[in-house]
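# Coordinates in review
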Amino acid sequence: MISISPFSFSQTQKGVWLTDVASRALDSKEGIQEVVRRCKTYGIHQVYVVVWNRGHTLYPSEVMQREFGKKVSPRFADKDILQELIDIAHAEGLKVHAWFEFGFSSSYQEEDGGHILRTRPKWKALDNEGKLVSKNGFQWMNAFDPEVQDFLLSLISEVVENYDIDGIQGDDRLPANPSTAGYDELTVSSYKKEHNGQAPPQDYKDPDWVDWRAKRLNLFAKRIYETVKIIKPDIVVTMAPSIFPWSKEEYLQDWPTWVKNGWVDAIIPQVYRYNLKAYTTTLDANLEFMPKNRETELIPGVLLKVGDYIPSKRFLRKMIKTNRKRGLDSEVFFFYEGLKEHERFFSKLYPKLNVKQ
């Protein structure tokens, strides 16, 4: 067993998620330079950039080339946007985190699970009817299969080893599986061995069955953390799951256990709400799951833009003030394009909204 000392943050953790969906910011060097300029101006020092999306890496990957003959997402075939971002961001004092957004999801709106599951059909997550698990448009690999876990970990290790990255991040799909999953032959066999030959309940929401699967994903969270720290101890490991306990009930994400056991350096739950009462109630409820005197290891995820939705300036300001009243000096915004909708707020007011000492 390895011993890892707790990571201590040395600067603000104010951050933003940067994705290739509904954004062209990553498509050119000029676009990346604009991201860095805007973030620096607004006092946002952490950039969480997507590196794993819809069955493709957004950086040239030898692992993907070897396993699937797909070295990089076709959109970025002639460049290494991760290296470009690191170079430009580091020159301005910003940190870059590799965000494995899709996690154990293999595809989006592809009924057969996309090229990964066409190549490796045994990797499919199956529901209690023996069908490929698909939820909210996302198709899923089997997160309980050691081969699938090894594959995801090989991508994470590849980034840590080959890039001067500041952090690694999973989210509501890493480590995760919808609670409808777990009915594949391999997982059922493992369950039977521990339950005197008894098969898992057909009710996928059965509390004991949920807990049994969540514990297996807990162990993978631990494995991610320890693997990264062995390679480069200074790299920050964060997760951005859904809010608890919904995260466990729907996606088998028992993130309070990750925090309690030190398997993350910070947790960034998606406190995505559309009015102040809901935001405050949700934030307070999730802070209850943080160990005493470690509340600041929770960094709220704040919804800034999704589809046509953009929060009002008044609501945005109140969410940030709610964080500050609870001693939380940082948040991560979803997502970068939303910064453009509130230029005045972020350039004038946001840098001044800090926890009073």
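Residues numbered from 1 in each chain as written. Predicted model: local features only at pLDDT ≥ 70, side-chain atom pairs only at ≥ 80, totals over all residues. Heavy atoms only, no water.

### Some thoughts on the sheet that holds strand 13 (residues 332-334)
Strand order in the open sheet formed by eight strands is 11-10-9-5-2-1-13-12, and the pairing between neighbours is parallel. Both edges of this open sheet fall to strand 11 (266-267) and strand 12 (301-303), since each of them pairs with a single strand only. Here strand 9 (residues 167-171) pairs with strand 10 (residues 236-240) via five bridges, running parallel. Across the sheet, residue G170 finds its bridge partner in strand 10, namely M239. (Pairing = 2+ DSSP bridges. Helix = DSSP H or I, 4+ residues; strand = E, 2+ residues; numbered from the N terminus.)

### Comments concerning the side chain of Q13
By the element assignment, Q13 lies in the segment before strand 1 (15-18). Beyond its immediate sequence surroundings of up to four residues, Q13 is in contact with Q46, I299, S330, E331 and V332. (Contact = heavy atoms within 4.5 Å.)

### Re a positive patch on the surface
Together, K313, R344, K348 and K352 line one region of the surface with positive charge. By secondary structure assignment, the location of R344 is in helix 12 (residues 343-349). (Patch = residues over 30% accessible without salt bridge, like charges linked within 9 Å, V, L, I, M, F, W, Y side chains within 5 Å. Areas by Shrake-Rupley, 256 points an atom, 1.4 Å probe, with all protein chains shown as cover. Salt bridge = Lys/Arg side-chain N within 4 Å of Asp/Glu carboxyl O. Lys, Arg positive; Asp, Glu negative; His and termini not counted. Charge placed at Lys NZ, Arg CZ, Asp CG, Glu CD.)

### Observations concerning helix 3 (residues 81-91)
I81, L82, L85, I86, I88 and A89 are the residues of helix 3 that are buried. Elements that come into contact with the buried residues of helix 3 comprise strand 1, helix 1 (29-42), strand 2 (46-50), strand 5 (95-99) and helix 5 (146-162). Directly after helix 3, the chain includes G93, whose backbone phi takes a positive value near 80°. (Buried < 20%, exposed > 50% of the residue type's maximum accessible area, 1.4 Å probe, protein only.)

### Quick notes on the sheet that holds strand 7 (residues 134-135)
The antiparallel open sheet is built from three strands, whose spatial order is 6-8-7. At either margin of the open sheet sits one strand with a lone partner, and together these are strand 6 (105-108) and strand 7. Direction of pairing for strand 6 relative to strand 8 (residues 138-140): antiparallel, over a ladder of three bridges. Looking at the pairing, Y108 lines up with F138 of strand 8.

### Digging into the pattern of salt bridges
Under the definition given, this model contains 27 salt bridges. Between E34 and R37 there is a salt bridge, and its shortest N-O distance comes to 2.7 Å. Taken together, the residues E34 and R37, both in helix 1 and three residues apart, mark about one turn of the helix. Overall, R37 belongs to the partly exposed group, its relative accessible area being 42%. We note a salt bridge from E331 to R324, for which the minimum N-O separation is 2.7 Å.

### Focus: the nonpolar core
Membership of the largest hydrophobic core comes to 111 residues, with the highest contact counts inside it found for W17, W52, L82, F100, F151, F333 and F346. When sequence neighbours within four positions are dropped, the list of residues in contact with F151 reads W52, V63, M64, F68, I116 and W123. (Core = buried A, V, L, I, M, F, W, Y, C linked by side-chain atoms within 4.5 Å.)

### A look at the packing of aromatic side chains
Scanning the model with the defined rule gives 28 aromatic pairs in all. Ring geometry for Y42 versus F346: centroids 5.6 Å apart, planes at 25°, classification stacked. Note that Y42 is positioned in helix 1 and F346 in helix 12, a separation of 304 residues in sequence. The pair formed by Y42 and F346 is uniform in burial state, with each residue classed as buried. Look at Y191 and W209: their rings are 5.1 Å apart centre to centre, the planes differ by 80°, and that puts the pair in the edge-to-face class. Of this pair, Y191 sits in helix 6 (residues 185-194) while W209 is found in helix 7 (residues 207-231), placing the two residues 18 residues apart along the sequence. Its relative accessible area of 0% is what places W209 among the buried residues. Here a set of aromatic residues connected by ring pairs shows up, and it is made of W17, Y48, W99, Y272, F334 and F335. The ring of W123 carries the charged tip of R120 above its face, separated from the ring centre by 4.9 Å. When the ring centre of F138 is taken as origin, the NZ or CZ atom of R173, which lies over that ring, is 4.2 Å away. (Phe/Tyr/Trp six-rings, centres within 6.5 Å; stacked < 30°, edge-to-face > 60°. Lys NZ or Arg CZ within 6 Å of the ring centre and 35° of its normal.)

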